[in-house]
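The residues making up each chain are set out below.
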Amino acid sequence: MSRRKNSESIGNDSEFGDNYVEEPDFSDPEDFVDDIAEEELLGDILQHKPKETGGFDSIIVVDGIPQVAKEEKKPGSDQKTRLEKLQNIIKKLYNSYGTITNEYWPIDANNKTKGYVFFEYKRPEQAAEAVKATNGHKLDKTHTFVVNLFTDFEKYANISETWQPPEPQPYPDLGNLHYFLELTPNTPSANASAATRRQEPDCFNQYAVLSDAGGSTAIYSNSLPEPTLIEERKLWTEKYIKWSPLGTYLATLHGKGVALWGGEKFGQIKRFSHPGVEFIDFSPCEKYLVTFSPMAESHGQPGTHAIVVWEVLTGQEKRSFSADRSAAVWPALRWSHNDKYFARLQRVERKDGPVETISIYETPSCGLLDKKSLEVPGVRDFSWSPSDTIISYWVPEVNYGETPARVTLLKIPSREVIRTKNLFSVIDLKMHWQSSGEHLCVKVDRYNRAKKEKDDTIKYVGVHYNFEIFHLREKNVPVDSMEIKDKIMAFAWEPVGSKFAIVTSVSNTSNNVSFYCVKSGTEPALLKTLEKKACNHLFWSPRGQHIILAGLLNLNGVFEFVDTNDFTVMGANDHFMCTDVEWDPTGRYVFTAVSWWGHKIDNGFWLWTFQGRVVHRHNVQRMCNVQWRPRPKTLLSERQIKNIKKNLNKYGAQFDLKDKMRASRASKELIEGRQRLVKAFTEYRNKCIELWKEQKPRRLQLRDGVDTDSLSAGGGEMEEESVELIVKKEVTIIP
Amino acid sequence: MIAYTTDKAMGNPCEIFVVDSRTADGLNAADPIVKIPITNGPKVTSMLWGPLDEYLVTGHESGEVVQWDLRSGKTEGKKTIMTHEHSNKINDMQLNQDGTMFITASKDHTAKLFDMATLEPMKTFKTERPVNSASISPIKDHIVLGGGQDAMDVTTTSSRQGKFEARFYHLIFEEEFARVKGHFGPINSLMFHPDGKSFASGGEDGYIRLQEFDPAYFEFRFDY
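We now turn to the structure provided with this report. All values derive from a computational prediction rather than experimental measurement.

1. Here's the deal with empty space enclosed by the protein
Residue and element names in this part refer to chain B.
Phase 1: Taken as a whole and assessed by the stated rule, the structure comprises three cavities of 30 Å³ or more.
Phase 2: Put simply, the largest cavity is a space of about 70 Å³.
Phase 3: If you go around the largest cavity, the residues you meet are F164, E165, A166, V180, K181, G182, H183, I187, F199, S201, R209 and Q211.
Phase 4: Of all the secondary-structure elements, those providing two or more residues to the lining of the largest cavity are β14 (164–170), β15 (176–183), β17 (198–203) and β18 (208–212).
Phase 5: Looking at the lining of the largest cavity, the element that brings in the most residues is β15, giving four residues.
Phase 6: Here the residues of the lining of the largest cavity sort into five nonpolar, four polar and three charged.

2. Section: the packing of aromatic side chains
Both the distance between ring centres and the angle between the ring planes are used here to describe each pair of aromatic rings.
Phase 1: Counted according to the given criterion, the structure contains 44 aromatic pairs over all chains.
Phase 2: On the numbers, 5.3 Å between centres and 10 degrees between planes, the contact of Y288 of chain A with W335 of chain A is stacked. Here the residue Y288 of chain A occupies a position in strand β15 (residues 288–292), and W335 of chain A occupies one in strand β18 (residues 334–335), the gap between them amounting to 47 residues. Side by side, Y288 of chain A and W335 of chain A carry an identical accessibility label, which is buried.
Phase 3: Three or more aromatic residues joined by ring pairs make a cluster, and in this case those are F168, F177, F192, F199, F213, Y217, F218 and F220 of chain B.
Phase 4: R334 of chain A extends its terminal NZ or CZ atom over the ring of F382 of chain A, reaching a point 4.6 Å from the ring centre.

3. Section: a positive patch on the surface
Phase 1: Residues R543, R639, K642, K645 and K646 of chain A make up a contiguous surface patch of positive charge.
Phase 2: Inspection of the secondary structure assignment puts K642 of chain A in helix α7 (residues 638–646).

4. Things to note about unusual backbone geometry
All names here are of chain A.
Phase 1: The backbone phi angle of D339 is positive, close to 70 degrees, even though this residue is not glycine.
Phase 2: Looking at the secondary structure, you find D339 in the loop between β18 and β19 (341–350).
Phase 3: Located in the positive-phi region is V477, a residue other than glycine, with phi close to 45 degrees.
Phase 4: As for its placement among the helices and strands, V477 is situated in the loop between β31 (464–471) and β32 (479–484).

5. Concerning the sheet that holds strand β16 (residues 307–311) of chain A
Residues and elements named next belong to chain A.
Phase 1: Read from one edge to the other, the open sheet built from four strands follows the order β14-β15-β16-β17, with strand pairing classed as antiparallel. Either end of the sheet is taken by a strand with one partner, and the two such strands are β14 (279–282) and β17 (317–321). This sheet shows a mean twist of 20 degrees between the axes of neighbouring strands, independent of strand direction.
Phase 2: Across five bridges, the pairing between β15 and β16 is antiparallel. What sits directly across from T291, in β16, is V308.

6. Considerations on the pattern of salt bridges
Close approach of charged atoms allows side chains of opposite charge to pair.
All names here are of chain A.
Phase 1: Tallied over the entire structure, the rule returns 18 salt bridges over all chains.
Phase 2: Put simply, E103 and K91 hold a salt bridge, and the shortest N to O gap is 3.1 Å. On the criterion of sequence distance, the pair formed by E103 in strand β2 (residues 100–104) and K91 in helix α2 (residues 82–95) is long-range, its members being twelve residues apart.
Phase 3: A relative accessible area of 30% places E103 in the partly exposed class.
Phase 4: Its salt-bridge partner being R473, residue D388 comes within 3.4 Å of it at the nearest N-O pair. On the criterion of sequence distance, the pair formed by D388 in the loop between β23 (381–384) and β24 (390–395) and R473 in the loop between β31 and β32 is long-range, its members being 85 residues apart.
Phase 5: By relative accessible area, which is 23% here, D388 ends up partly exposed.

7. As for the nonpolar core
Phase 1: Among the nonpolar cores identified, the biggest contains 31 residues, and I103, L113, F125, I143, L145, F168 and F199 of chain B are the most heavily contacted of them.
Phase 2: When residues of this core are traced back to their parent elements, those giving at least two are α8 (648–694) of chain A together with β9 (101–106), β10 (110–115), β12 (131–136), β13 (142–147), β14, β15 and β16 (187–192) of chain B.
Phase 3: A total of four residues in this core trace back to one element, the largest contributor, which is α8 of chain A.
Phase 4: When residues no more than four places from it in sequence are discounted, the contact partners of F199 of chain B are A166, F168, V180, L190, M191, F192, H193, R209, L210, Q211 and F213 of chain B.

8. Some words on the interface of chain B and chain A
Phase 1: With 29 residues of chain B at the interface, the matching set in chain A holds 24 residues.
Phase 2: In total, about 2,400 Å² of surface goes out of reach between chain B and chain A, with carbon and sulfur atoms giving 62% of it.
Phase 3: Of all residues in chain B, L52, D98 and Y224 of chain B bury the most surface against chain A, accounting for 24% of the area lost on that side.
Phase 4: For the pair chain B and chain A, the number of links is two salt bridges.
Phase 5: A salt bridge links R685 of chain A to D98 of chain B; the shortest N-O distance between them is 3.1 Å.
Phase 6: For the pair chain B and chain A, the number of links is five residue pairs in polar contact (both at pLDDT 80 or more).
Phase 7: By residue class, the composition of the side of chain B that touches chain A is eleven nonpolar, eight polar and ten charged.

9. What about the environment of L52 of chain B?
Phase 1: Within the secondary structure, L52 of chain B is located in the loop between β4 (44–49) and β5 (55–60).
Phase 2: The exposure class of L52 of chain B is buried, given its relative accessible area of 8%.
Phase 3: The sequence separation of L52 of chain B and G99 of chain B amounts to 47 residues, and the corresponding C-alpha distance is 9.4 Å.
Phase 4: Apart from the residues lying within four places of it in its own chain, the contact partners of L52 of chain B are Q695, R698, R699 and L702 of chain A.

10. Observations concerning a nonpolar patch on the surface
Phase 1: A cluster of nonpolar residues, L636, I644 and L648 of chain A, forms a patch on the protein surface that exposes about 250 Å² of accessible area.
Phase 2: Residue placement: L636 of chain A occurs in the loop between β45 (625–628) and α7.

11. A closer look at the pairing of strand β40 (residues 568–574) of chain A
Residue and element names in this part refer to chain A.
Phase 1: Inspection of the sheet shows strand β39 (residues 558–563) paired to β40 by six bridges, in the antiparallel sense. For V558, the partnering residue across the bridge sits in β40 and is D574.
Phase 2: Adjacent in sequence and paired antiparallel, β39 and β40 are bridged by four residues, among which F567 carries a positive phi angle near 55 degrees.

12. Concerning the sheet that holds β32 of chain A
All names here are of chain A.
Phase 1: Strand order in the open sheet made by the four strands is β27-β28-β31-β32, with antiparallel pairing throughout. Each end of this open sheet is capped by a strand with a single partner; those strands are β27 (426–433) and β32. Looking at each pair of strands side by side, their axes are set apart by 20 degrees on average, direction ignored.
Phase 2: Relative to β32, β31 is paired through six bridges, and the arrangement is antiparallel. From the neighbouring strand, Y465 faces β32, where its bridge partner is I484.

Calculation notes
- Every chain begins its residue count from 1, and numbering advances along the sequence as written.
- By the order in which they are written, chains take letters starting at A while ligands take numbers starting at 1.
- Note on the predicted model: pLDDT of at least 70 is required for a residue's local features to be given, and 80 or more for side-chain atom pairs to be given and counted; whole-chain, interface and lining totals, by contrast, use all residues.
- Each side-chain value is worked out from all heavy atoms of the structure, with water and hydrogens disregarded.
- Grid points spaced at 1 Å over the protein atoms alone were grouped into cavities, where a 1.4 Å probe fits but cannot get out, and pockets, open sets with protein on both sides within 12 Å along at least five of seven lines, with lining residues defined by an atom within 4 Å of a point.
- Grid points are joined across faces, edges and corners, and a volume is the space filled by probe spheres set on the points.
- Note on conventions: DSSP H or I runs of at least 4 residues are helices, E runs of at least 2 residues are strands, and numbering of each starts at the N terminus.
- The residue classification treats Ala, Val, Leu, Ile, Met, Phe, Trp, Tyr, Cys and Pro as nonpolar and Asp, Glu, Lys and Arg as charged. All others, Gly included, are polar.
- Between 30 and 60 degrees the pair is tilted, below 30 it is stacked and above 60 it is edge-to-face, where a pair is any two Phe, Tyr or Trp rings, Trp via its six-membered ring, whose centres lie within 6.5 Å.
- Partly exposed residues are those whose accessible area sits between 20% and 50% of the maximum for their type, while under 20% is buried and over 50% is exposed, using a 1.4 Å probe and protein chains only.
- Here, over-ring charges are defined by two tests on the NZ atom of lysine or the CZ atom of arginine: distance to the ring centre within 6 Å, and angle to the ring normal within 35 degrees.
- Candidate patch residues must exceed 30% relative accessible area and have no salt bridge, after which like charges are joined if within 9 Å and Val, Leu, Ile, Met, Phe, Trp or Tyr side chains if within 5 Å.
- Method for areas: the Shrake-Rupley scheme with a 1.4 Å probe, in which residue coverage is limited to the protein chains shown.
- Here, a salt bridge means any Lys or Arg side-chain nitrogen found within 4 Å of an Asp or Glu carboxyl oxygen.
- Only four residue types enter the tally: Lys and Arg on the positive side, Asp and Glu on the negative side; His and the chain ends are excluded.
- Think of each charge as sitting on NZ of Lys, CZ of Arg, CG of Asp or CD of Glu.
- At least two DSSP bridges between two strands are needed for those strands to be called paired.
- Angular values range over 0 to 180 degrees, each being the angle between N-to-C directions of two axes fitted as lines to C-alpha atoms, with helices fitted over their stretch in contact.
- Within this scheme, the nonpolar core is defined by two criteria: the residues are buried Ala, Val, Leu, Ile, Met, Phe, Trp, Tyr or Cys, and they are joined through side-chain atoms within 4.5 Å.
- Here, residues are in contact when the closest pair of their heavy atoms is within 4.5 Å.
- Note: buried area is the sum, over both parts, of the accessible area (probe 1.4 Å) each one loses when the two are combined.
- Polar contacts, as used here, are pairs of N or O atoms within 3.5 Å; protein pairs need one atom able to donate a hydrogen and one able to accept it. Residues neighboring in sequence count only if both atoms are side-chain atoms.

Right under this line is the structure:
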């Protein structure tokens with residue numbers, strides 16, 4: 001046949017016909033060395049490669065099963081022999097841990113089962129789980145399973161005779177975790193290197209700023225006149241940061257778990273592995289950390305639970321819980337003030353329906369107190385007293401008042417009921433403990449009448465509010481009642497003292513703020529009502545006495561600073577679109593912040609004094625959060641505090657002097673800085689001007705000789721020209 | 001000579017043209033003195049002539065500032081220097097009085113002062129809003145910045161009237177020392193009068209404001 005166009009194709013052998021093309025050669029060239037390991041190519045298949053010793057890992061031995069005689073099966077009958085029944089029961093139990101590939105029921109000389117059985121699972125992990133779950137399982141009154149891995153026998157038989165105690169690990173010196181509280185004497189070197197030193201010679205509070213939408217975390221010291229940066233790290237946390245309650249640690253959240261940092265250089269102290277952690281909570285004395293991860297349950301991995309309690313100092317996992325509906329509110333585990341107990345609400349399935357219980361656990365064992373939960377049908381909420389191990393909880397009313405609602409105070413661990421109070425016509429209830437634990441205020445929403453609507457919802461008519469104040473320190477815990485007609489927007493106890501403030505809404509736009517003083521024996525006395533305030537939140541200073549009336553959210557961030565000793569308004573100002581208000585632990589300064597989580601522009605925080613004067617305005621790109629570092633309780637006794645207050649004048653003079661020195665030092669530095677800048681810049685400008693002058697002839701050339709260098713030079717003059725025009729000609733004839 | 005740029009639209013890339021305005025033919029876009037296409041790069045948002053008509057400086061949508069040499073080729077301009085100091089679009093660039101420095105106003109909330117010949121950034125002025133325009137005073141070491149939200153975000157900012165301000169910064173110390181209120185929409189363009197005694201500003205609200213300085217402005221001094 002005639003040659004075709006593709007005669008250039010490889011190996012064209014025209015003998016065999018036009019369409020035949022020889023196959024390309026697939027074999028490797030002769031000196032080819034395979035440099036890709038087999039694992040990379042076939043890794044997943046290789047994992048299933050049968051191992052030599054692997055077989056034994058999946059075998060478990062179950063001991064303690066009943067001994068049953070092996071009977072002959074009666075021909076023609078459907079009834080199972082006793083042995084078969086036993087086998088079915090046990091197999092059903094063990095099938096749930098994995099696929100059983102092999103089983104062996106050894107039988108002794110008398111034709112009875114020896115009392116133990118061997119099971120083999122497909123995978124060693126399944127065997128391990130079966131051991132963990134069923135070891136100690138009670139089959140019936142007389143038979144308890146004892147389950148082990150087959151390999152365990154060998155391991156325990158071969159324990160060496162000489163036992164070496166584990167070597168003591170060197171104590172990791174974490175440094176001084178409380179460095180941030182220390183006072184150093186004002187040595188000459190301290191002044192010069194105050195910015196680089198990590199200690200706090202002048203007792204400034206520290207605060208942490210999370211900015212750049214979480215990408216950057218910075219810790220500052222609130223020094224005057226400008227804050228000093230102590231530490232800044234990018235991507236220190238993946239989600240958010242939190243200080244521990246006494247300020248010792250900074251916790252950061254990551255995809256794999258939680259890390260704690262602290263000490264002078266903020267080194268990593270501990271790590272807790274809990275994949276997918278979303279929320280954390282510290283116990284009040286910083287002994288324990290609770291983490292919550294919604295992911296753990298859904299992955300179905302046994303052994304990782306949603307809520308885990310860790311011990312902070314050792315990093316050990318103490319106890320874990322699976323999440324149920326009670327974890328809808330965080331914190332799910334609530335601690336007593338001294339870290340001795342923690343409790344949670346649970347809905348437990350019982351034979352005759354679900355029952356709400358309060359489960360109280362004690363530390364350090366993390367076991368259920370008295371091995372029994374507190375069964376309280378219908379309990380809605382509970383809270384610990386901040387100063388004693390007392391729980392208060394409440395049960396709503398049943399059937400519109402058939403059984404009244406009840407608030408109960410319970411002492412732990414004795415479970416002795418200190419006080420109960422029945423309340424009628426209750427819609428809802430909120431409990432507020434005062435920080436010193438002396439009073440408990442219960443806010444009750446009450447109705448006059450209740451109507452049941454067509455679609456089974458209940459409509460309440462005539463809603464009013466009551467405050468029940470429990471006086472914990474008096475004998476028999478007397479309760480005082482107080483009624484309020486208006487709708488209550490906010491409630492806040494004074495942290496130190498016996499006052500509380502409420503915001504009532506009189507009309508849509510204006511709210512009243514009322515201050516009450518709590519005395520035992522009578523209902524709370526109204527101290528003062530401030531009317532027509534744009535306020536929907538209350539922030540007391542942690543030392544008491546001062547309060548900020550804040551209008552957040554729809555009121556766009558207006559603030560009034562009130563001194564509650566005489567109810568004068570010390571200052572009023574606003575921070576547009578403010579989302580957070582944070583007092584520092586000493587009560588001297590306040591932050592108002594616009595968080596990026598709430599508002600996408602204008603993020604930053606302002607620093608105010610407690611009197612309402614703005615000290616600083618910081619604009620920080622995409623700032624998420626600013627938190628003061630908490631301080632532990634003061635070590636001074638009451639007498640010492642009184643002494644200091646008496647001699648305040650003497651100390652005051654000292655501090656004033658210090659402040660003056662600091663201010664003058666700052667301005668001197670500033671001026672020096674400025675002088676340097678001016679010098680550098682004028683040098684540069686002189687160079688430019690030289691160059692410009694040299695270029696002048698060229699410029700004139702380009703512009704046809706018109707000098708454009710200054711306004712008045714050549715040609716910039718305006719000439720005035722007067723032109724007369726005849727507008728109108730009028731002829732008037734005068735007689 | 002006139003230099004102008006075209007926008008990236010209708011399939012045409014962004015291009016820089018330099019044409020001769022002295023003849024009628026010269027204005028025809030088909031026969032420019034220099035034509036620089038910017039095919040793969042970010043589009044040009046602002047342009048300035050160099051001091052002796054030797055080069056052009058352009059600011060781009062990505063925040064880059066590029067210097068183009070016009071003397072080299074006939075129709076091609078050569079990119080001589082490029083810097084990328086801003087992280088977002090450059091809204092405006094303005095020269096100072098002698099053409100040796102220029103200031104760029106960018107959407108990344110800052111304005112920067114550059115040297116004309118080397119494109120070296122010398123000063124940075126920080127604000128919290130996108131800066132739409134900046135101008136250098138001819139007689140004092142001051143600059144003025146004007147900005148505000150993007151037009152579409154205006155309704156979400158403070159509802160107080162006249163909150164949009166022209167802000168004055170000291171050129172060397174980068175510190176703000178004065179604000180002039182008046183506009184109730186973002187300020188889009190600003191410029192000092194060539195004699196330095198007043199300035200003009202135009203805004204999104206449709207108003208042009210001419211503001212003369214009172215004696216206190218001229219007497220104001222920073223301590224140093």
